[in-house]
Amino acid sequence: MSKAYVVAEIQVTNADAYADYRPLATASVAQYGGQFLVRGGTRVQKEGRDDAHNEGWRSVLVEFPSLQQAQLWYDSVEYAKAMEIRHANSIGRLFIVEGV
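Within every chain, residues take consecutive numbers counted from 1 along the sequence as written. This being a predicted model, a pLDDT of at least 70 is required before a residue's local features are given, and a value of 80 or more before pairs of side-chain atoms are given or counted; all residues contribute to the totals for chains, interfaces and linings. The basis for the side-chain values is all heavy atoms of the structure; hydrogens and waters are excluded.

Enquirer: Quick rundown of the side chain of N89? Include the residues and the values.
Expert: Counting from the N terminus, the helices are DSSP H or I runs at least four residues long and the strands are E runs at least two residues long. Summarising the element assignment, N89 is placed in helix α4 (residues 77–89). For N89, a relative accessible area of 9% gives the class buried. For this analysis, residues touch if any pair of their heavy atoms sits within 4.5 Å. Not counting residues up to four positions away in its chain, the partners in contact with N89 are V12, T13, N14, A17 and Y18. Burial classes follow relative accessibility: with a 1.4 Å probe on protein chains only, a residue under 20% of its type's maximum area counts as buried, one over 50% as exposed, and anything between as partly exposed.

Put into structure tokens, the structure is as follows:
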């Protein structure tokens with residue numbers, strides 16, 4: 001069974017309200033067997049254009065034991081409240097990709 005990765009690129013638009021997202025997301029990821037590999041950190045663009053990702057954007061990479069487990073987490077009741085906060089207070093994209 002291959003691991004799976006949740007990849008997100010997020011720009012927070014309301015930092016005060018977004019602060020409630022982090023503990024909820026952290027707890028739900030752990031509950032579904034995931035672990036954060038990247039959460040923020042310095043981003044260095046090496047190839048291609050990425051004009052949209054100026055200052056204020058953060059990259060996130062979460063590893064799950066399987067694609068199924070990552071999907072269960074994303075669709076879970078435990079993550080639903082966190083996702084609501086993220087959607088209301090940030091813009092970005094998120095996808096799940098299966099590892100090799």
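Enquirer: So, the packing of aromatic side chains: which residues are in play, and what are the values?
Expert: Two aromatic rings, drawn from Phe, Tyr or Trp (for Trp, its six-membered ring), form a pair once their centres lie within 6.5 Å of each other, and the interplanar angle then sorts them: stacked below 30 degrees, edge-to-face above 60, tilted otherwise. Considering all chains together, one arrives at six aromatic pairs under this definition. Relative to Y79, the ring of Y21 has its centre 6.3 Å away and its plane inclined at 75°; by these criteria the two rings are edge-to-face. Within this pair, whereas Y21 is found in helix α2 (residues 21–31), its partner Y79 is found in helix α4, the two being separated by 58 residues in sequence. Its relative accessible area of 0% is what places Y79 among the buried residues. Whether a charge sits over a ring comes down to the Lys NZ or Arg CZ being within 6 Å of the ring centre and within 35 degrees of the ring normal. One Lys or Arg, R39, reaches over the ring of F36 and ends 3.8 Å from the middle of that ring.

Enquirer: Which residues make up the side chain of E63, and what values go with them?
Expert: One can find E63 in strand β3 (residues 57–64). Any pair of N or O atoms that falls within 3.5 Å is considered a polar contact. Within protein, one atom must be able to donate a hydrogen and the other to accept it, and sequence-neighbouring residues count only if both atoms are side-chain atoms. Of the polar contacts made by the side chain of E63, one reaches the side chain of Y5; its length is 3.0 Å. Those residues in contact with E63, other than ones at most four positions away along the chain, are K3, A4, Y5, G33, G34, Q35 and L37.

Enquirer: Residue-level account of the sheet that holds strand β4 (residues 90–98), with values.
Expert: The strand order β2-β3-β1-β4 describes an open sheet built from four strands, whose pairing is antiparallel. Both outer strands of the open sheet, β2 (35–39) and β4, are each paired with one neighbouring strand and no more. For this sheet, the mean inter-axis angle between neighbouring strands, taken without regard to orientation, is 15°. Here the rule is simple: two strands pair whenever DSSP picks up at least two bridges between them. Bridge count between strand β1 (residues 4–12) and β4: nine bridges; the pairing is antiparallel. The partner of Q11 across the bridge, within β4, is I91. Note on definitions: angles span 0 to 180 degrees between N-to-C directions of axes, and those axes are lines fitted to C-alpha atoms, for helices only across the stretch in contact. Where α2 meets the sheet, it contacts β2 and β3, and its direction lies at approximately 135° from that of β2. Where helix α3 (residues 67–74) meets the sheet, it contacts β1, β3 and β4, and its direction lies at approximately 150° from that of β4.

Enquirer: A description of the nonpolar core should follow, citing residues and the corresponding values.
Expert: Within the largest apolar cluster, 19 residues are counted, with the highest numbers of intra-cluster contacts made by V6, Y21, V62, F64, W73 and Y79. Put simply, the parts of the chain that give this core at least two residues each are β1, α2, β3, α3 and α4. Residue contributions to this core peak at five residues, all from β1. For Y79, the contacting residues outside a window of four places in its chain are Y21, A25, S28, W73, Y74 and R86. In this text, buried Ala, Val, Leu, Ile, Met, Phe, Trp, Tyr and Cys residues form a nonpolar core when linked through side-chain atoms within 4.5 Å.

Enquirer: Break down the confidence of the model for the protein for me, citing the residues and quoting the values.
Expert: Looking at the protein as a whole, its pLDDT mean stands at 92, while 94% of the residues score no less than 70. Confidence of the prediction at every residue is given by pLDDT, a number between 0 and 100. Mean pLDDT across the elements of the protein ranges from a minimum in β3, with 94, to a maximum in α3, with 98.

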